[in-house]
Amino acid sequence: MSTISQTASWLGDSTNWNGDNGVTRRLIEHLTVTAASVGIACALALPIGVWLGHVGRGRILAVGGSAVERAVPAFAVLVLLAVGPLGFGNTAATVALTLIAVPPLLSTAYIGVRDVDRAVTQAAVGMGMSGGQVVRQVELPLAAPLLLVGLRTAVARVIATATIAALVGGGGLGRLVLDGLAHHDDAQAVGGTVLVVALALIVQGLLLCLGRLVTPAGCGPSRLHPRW
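Treat the numbers as computed from the prediction; the structure is a model and nothing was measured.

Each value, and the rule that gives it
Residues numbered from 1 in each chain as written. Predicted model: local features only at pLDDT ≥ 70, side-chain atom pairs only at ≥ 80, totals over all residues. Heavy atoms only, no water. Helix = DSSP H or I, 4+ residues; strand = E, 2+ residues; numbered from the N terminus. Buried < 20%, exposed > 50% of the residue type's maximum accessible area, 1.4 Å probe, protein only. Contact = heavy atoms within 4.5 Å. Areas by Shrake-Rupley, 256 points an atom, 1.4 Å probe, with all protein chains shown as cover. pLDDT = per-residue confidence, 0-100. Core = buried A, V, L, I, M, F, W, Y, C linked by side-chain atoms within 4.5 Å. Axes fitted to C-alpha atoms, helices over the stretch in contact; angles between N-to-C directions. Parallel < 35°, antiparallel > 145°, perpendicular 65-115°, else oblique. Left-handed = near helix turned anticlockwise from the far one by under 90°. Nonpolar A, V, L, I, M, F, W, Y, C, P; charged D, E, K, R; others polar. Polar contact = N/O pair within 3.5 Å; in protein donor to acceptor, adjacent residues only side chain to side chain. Patch = residues over 30% accessible without salt bridge, like charges linked within 9 Å, V, L, I, M, F, W, Y side chains within 5 Å. Salt bridge = Lys/Arg side-chain N within 4 Å of Asp/Glu carboxyl O.

K.L.:
Talk me through the overall build of the protein chain; I want residue IDs and the actual numbers.
P.N.:
Tallying secondary structure elements over the protein chain gives ten helices and zero strands in all. The buried share of the protein chain, taken over its 228 residues, is 43%. Taking as baseline every contact in the protein chain between residues at least 6 positions apart, the subset at least 24 positions apart corresponds to 75%. Per element, the accessible surface of the protein chain, about 11,600 Å² overall, is 68% carbon and sulfur.

K.L.:
Could you give an account of the confidence of the model for the protein chain, naming the residues involved and the relevant values?
P.N.:
Taken as a whole, the protein chain shows an average pLDDT of 83; of its residues, 89% reach a score of 70 or greater. Mean pLDDT values for the elements of the protein chain range from 46 in helix α10 (residues 221-224) up to 91 in helix α2 (residues 23-55). Throughout residues 221-228 the model reports pLDDT below 50, and contacts reaching past four residues in sequence, or to other chains, amount to 21 contacts.

K.L.:
Now, about the nonpolar core: what can you tell me, with residues and values included?
P.N.:
Ranked by internal contacts, the top residues of the largest apolar core, which has 33 residues, are Leu105, Leu151 and Val155. At the level of secondary structure, the elements contributing two or more residues to this core comprise α2, α5 (90-114), α7 (131-164) and α9 (186-214). In this structure, leucine 151 is in contact with Val38, Cys42, Leu105 and Leu207, ignoring residues within four places of it in sequence.

K.L.:
Can you tell me about the packing of α5 against α7, naming the residues and giving the values?
P.N.:
Two numbers describe how α5 lies on α7: the axes approach to 8 Å, and their chain directions differ by 160°. Considering the angle they form, α5 stands roughly antiparallel to α7. Between α5 and α7 lies a crossing whose hand is right-handed. Side by side, α5 and α7 meet where Leu97, Ile100, Ala101, Pro104, Leu105, Thr108, Ala109, Ile111, Gly112 and Val113 of the first sit next to Glu139, Ala143, Leu146, Leu147, Gly150, Leu151, Thr153, Ala154, Arg157, Val158, Thr161 and Ala162 of the second. Of the residues that constitute the contact of α5 with α7, the class distribution is 15 nonpolar, five polar and two charged.

K.L.:
Give a description of the environment of leucine 210 that names residues and reports values.
P.N.:
Within the secondary structure layout, leucine 210 lies in helix α9. Looking at leucine 210, the relative accessible area reads 37%, which means it is partly exposed. Residues leucine 210 and leucine 148, spaced 62 residues apart in sequence, show a C-alpha to C-alpha distance of 8.5 Å.

K.L.:
Before we move on, can you summarise the side chain of arginine 175 with the specific residues and values?
P.N.:
Inspection of the secondary structure puts arginine 175 in helix α8 (residues 174-182). Polar contacts involving the side chain of arginine 175 include one to the main-chain carbonyl oxygen of alanine 166, which spans 3.1 Å. Those residues in contact with arginine 175 that sit more than four places away from it in its chain are Asn21, Arg26, Ala166, Gly169 and Gly170.

K.L.:
Which residues make up the side chain of threonine 108, and what values go with them?
P.N.:
Tracing the backbone shows threonine 108 in helix α5. On the basis of relative accessible area, threonine 108 is assigned to the buried category, the value being 2%.

K.L.:
I'd like a description of a nonpolar patch on the surface, backed by residues and values.
P.N.:
On the surface, a cluster of nonpolar side chains totalling about 250 Å² of accessible area is made up of Phe75, Ile164 and Leu167. Mapped onto the elements, isoleucine 164 comes out in helix α7. Accessibility expressed as a relative area gives 30% for isoleucine 164, which makes it partly exposed.

Take a look at the structure:
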């Protein structure tokens, strides 16, 4: 029997979806750590990025963080946190994934708000809007497409990196892959990989649909900054 057919049989076997090591539990763990990491990263990065973009300062902090994040291997961050005081487990994985999610959110928030047409913001000020009103009612709606680009990037990185978090004691779908490799069960290893890919594609599709709903008419990432 080929690996493809074995994988299909493994995925179609309901017993593999139940229990403490079943797909359902591992999927919930993967979604939980992803949501927690991205949520914390949004709470940290978006206010700072929006404020820096509004005042037009802090470019090195906002954009340079992405360069540093790309230069440092994600697995190295996981291991360093796991061997530190956090120890092996989901706590170290969550902190590491949060650090990985912050740079794309911070940089896109900064660029999105900074690149809003100054004539528009000046007109809003001329109409009597305060700084906070300009941010909430003018800059954020126009920067929404780029904010969602950053969110999609962060979520994709977290979902992918959460897979290898199993190596430092984290849960999630990566545990299926790791256990499959450890027991020489190719069907389980490949099945876990397929589930990770499917999860990433489904989440990206949902975020794309969300982007269409919140993007102002006639405005898209390419209209705000040519690199996007």
